[in-house]
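Here is what each chain is made of, one letter per residue.
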Amino acid sequence: MRKLFYEDINITKFEAQVLSCDYDQDRKLYKVLLDQTAFFPEEGGQSADIGTLNGMEVVDAQIKDDLIYHYVEQAIEVGSTVSGLVDWNQRFDFMQQHSGEHILSGLIHNKYGYNNVGFHLSNNEVTMDFNGPLDWEQAREIELEANKIVYQNLPVNILYPTNDELINMEYRSKIEIDGQVRIVEIPGVDMCACCAPHVATTGQIGILKIVGVQSYKGGVRLNILCGERALKDYSLKYDSVSAIAQDMSTKQEQVVEGYQRLKDECQAYKYKVNELQAKCLSMSLAALPSPEESENAVLFTDITDNMAIRNAVNELMEKYSGYCGVFAGGDMASDNKTGDDCDGDKKVCNYRFVIGSKSSDCNELAQKLRSELGAKCGGNKVMIQGSVEAGKSEIERIVV
Ligand SMILES: [Zn+2]
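Residues numbered from 1 in each chain as written. Predicted model: local features only at pLDDT ≥ 70, side-chain atom pairs only at ≥ 80, totals over all residues. Heavy atoms only, no water.

**Quick notes on the overall build of the chain**
- Across its full length, the chain holds 9 helices and 21 strands.
- Taken over C-alpha atoms, the radius of gyration comes to 36 Å for the chain, far larger than the 21 Å a tight globule of 400 residues would show.
- Here the C-alpha coordinates of the chain stretch approximately 105 × 50 × 40 Å along the principal axes.
- The buried share of the chain, reckoned over its 400 residues, is 45%. (Helix = DSSP H or I, 4+ residues; strand = E, 2+ residues; numbered from the N terminus. Rg over C-alpha atoms; globule rule 2.2 N^0.38 Å. Buried < 20%, exposed > 50% of the residue type's maximum accessible area, 1.4 Å probe, protein only.)

**Regarding the coordination of the zinc ion**
- Each protein donor to the zinc ion is listed here as His98 (NE2), His102 (NE2) and Cys194 (SG); together their distances run 2.1 to 2.3 Å.
- Summarised as a motif, the one-chain spacing of the donors to the zinc ion is H-x3-H-x91-C. Here histidine 98 pairs with histidine 102, and both are found in helix H2 (residues 88-112), just 4 residues apart, close to one helical turn. (Donors = N, O, S within 2.8 Å, 3.2 Å for Na, K, Ca; no water.)

**Points about helix H7 (residues 306-319)**
- If you check H7, its first and last C-alpha atoms are 21 Å apart, about what 14 residues at 1.5 Å a residue would give, namely 20 Å.
- The set of residues buried in H7 consists of Ala308, Ile309, Ala312, Val313, Leu316 and Met317. (Expected span 1.5 Å × (residues − 1).)

**Some points on the sheet that holds strand E11 (residues 126-130)**
- The 4 strands are arranged E10-E11-E16-E15 in an open sheet whose pairing can be described as antiparallel. The sheet terminates laterally at strand E10 (116-121) and strand E15 (208-216), the two strands that pair on one side only. For this sheet the average axis-to-axis angle between neighbouring strands, irrespective of direction, equals 20°.
- Note that E10 and E11 share 5 bridges and pair antiparallel. Paired with glycine 118 across the bridge in E11 is aspartate 129.
- Against the sheet, H2 touches E10, E11, E15 and strand E16 (219-226), its axis set at about 140° to E16.
- Packed on one face of the sheet, helix H5 (residues 228-248) meets E10, E11, E15 and E16 and runs near 85° to E16. (Pairing = 2+ DSSP bridges. Axes fitted to C-alpha atoms, helices over the stretch in contact; angles between N-to-C directions. Contact = heavy atoms within 4.5 Å.)

**So, the sheet that holds strand E2 (residues 13-24)**
- Read across the sheet, 7 strands follow the order E6-E5-E9-E2-E3-E8-E7 without closing on themselves; strand pairing throughout is antiparallel. Two strands lie at the open edges of the sheet, namely strand E6 (56-58) and strand E7 (60-64), each paired on one side alone. The sheet shows a mean angle of 40° between the axes of neighbouring strands, taken without regard to direction.

**Some details on the pattern of salt bridges**
- Taken as a whole and judged by the stated rule, the model has 15 salt bridges.
- Ionic pairing is found between lysine 272 and glutamate 275, a salt bridge with its closest N-O pair at 3.9 Å. Of this pair, lysine 272 and glutamate 275 both sit in helix H6 (residues 255-286), 3 residues apart, which is roughly one turn of that helix. (Salt bridge = Lys/Arg side-chain N within 4 Å of Asp/Glu carboxyl O.)

**Comments concerning the domain arrangement of the chain**
- Taken domain by domain, the chain comprises domain 1 (2-86), domain 2 (91-235) and domain 3 (286-399).
- Between the C-alpha centres of domain 2 and domain 3 there is a distance of 66 Å. (Domains from an automatic or database assignment.)

**What about the packing of aromatic side chains?**
- Applying the stated rule across the entire model yields 10 aromatic pairs.
- Ring centres 4.7 Å apart and planes at 70° place the aromatic pair phenylalanine 5 and tyrosine 6 in the edge-to-face group.
- Judged by its relative accessible area of 4%, phenylalanine 5 falls in the buried class.
- Using a relative accessible area of 29% as the deciding quantity, one classes tyrosine 6 as partly exposed. (Phe/Tyr/Trp six-rings, centres within 6.5 Å; stacked < 30°, edge-to-face > 60°.)

**Description of the pairing of strand E8 (residues 67-72)**
- The buried count for E8 comes to 5 of 6 residues, which makes it a mostly enclosed element.
- One ladder, built from 5 bridges, connects E7 with E8; its direction is antiparallel. Note that in E8 the partner of lysine 64 across the bridge is leucine 67.
- Two successive antiparallel strands, E7 and E8, enclose a turn made up of 2 residues, where aspartate 65 displays a positive phi of approximately 50°.

**Regarding the nonpolar core**
- By size, the foremost hydrophobic cluster in this structure holds 56 residues, and its most contacted members are Phe14, Leu53, Ile103 and Leu222.
- The element best represented in this core is H2, accounting for 6 residues.
- Beyond its immediate sequence surroundings of up to four residues, leucine 222 is in contact with Ile108, Val126, Thr127, Met128, Phe130, Leu134, Ile210, Gly212 and Val213.
- Membership of the second largest hydrophobic core comes to 21 residues, among which are Leu365, Ile384, Ile395 and Ile398. (Core = buried A, V, L, I, M, F, W, Y, C linked by side-chain atoms within 4.5 Å.)

**Description of the packing of H5 against H6**
- Two elements in contact, H5 and H6, have axes separated by 10 Å at closest approach and are oriented at 55°. Classified by the angle their axes make, H5 and H6 are oblique. Between H5 and H6 the crossing geometry is left-handed. Taken together, the residues of H6 that come into contact with H5 (itself represented by Val241, Ile244, Ala245 and Met248) are Val255, Gly258, Tyr259 and Leu262.
- Among the residues making up the contact of H5 with H6, the classes are represented as 7 nonpolar, 1 polar and no charged. (Parallel < 35°, antiparallel > 145°, perpendicular 65-115°, else oblique. Left-handed = near helix turned anticlockwise from the far one by under 90°. Nonpolar A, V, L, I, M, F, W, Y, C, P; charged D, E, K, R; others polar.)

The following block contains the structure:
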């Protein structure tokens, strides 16, 4: 079968004879074999070309025993002539990514001696794995070098060396294969055995951007974007950063500092709020019946800061001999404040609570809260904590 992409990478329209058309039970699709095709199949980690045969979508193209099968939804008559059309946008995009990958792999191989041990190219992402580590700084250096190779607009040569020539040739992806080896050469940068379509000159790659560097199987995995993918990514990030910068009234290059400042401010406010909550809670404690009037002290509050609640319980335990509890929360339905809204049996509210006592057994009280109100709680003799869904008066009936 003639592979038209090896004769001219720019061929997207072609006519061909249908040699066979069989139904693939597993994929529920017809697989069509032609006498020639411009569809590059899924191969070497790269997804297949997409396009049409007689206007019908080619959803996949697979190679087996050097024959390329086109997957379509309806049968095509064997012996007929079909018109094929390869989606050039995806083809060219894939060529940009793949040639970009060769530049990076070549540079990394030359500089660090690492081999490319994994490659994946689809519509969603391009990943490349190397058998040695790289950090972001090293990746950025390589990225700059790679883009300089793009600017130089070097030719991407396809070579078909004889076996004798091949023996003395230094190239990546050296594996024993039968038949003709195809070498993709970027002069002075990379020589690699590869079967995929490539751009004609490095300038066609446009931009090469590394967007991911992560440790992977003892080496490193890089995510890259070339050409329009990189441009789209830049636009997306530009829009985000400019929107944030505008909102913060800061320069785009200062959004990270601006964000850090906001985060610090937020943290400071949080401390302040907690401090005020603690003060507030302390003042509420003063309004409770005095220790002479009641040996137990129970406070209902909408203040939810754990530290403030715990401190309040400790403060109560200094004065009151019985149970000292703080119930924090409120109306579940309206997420309303606590207190009177949750009074009586009219409404059931959700409270978190801490109860302590110097003389009474808190475990006994916990048992009562569990059995009578379905509370979830635990702790020890001196202090318990948990949550309960109940009305204020129900709780008071048990605790006060
Ligand atoms: Zn390749």
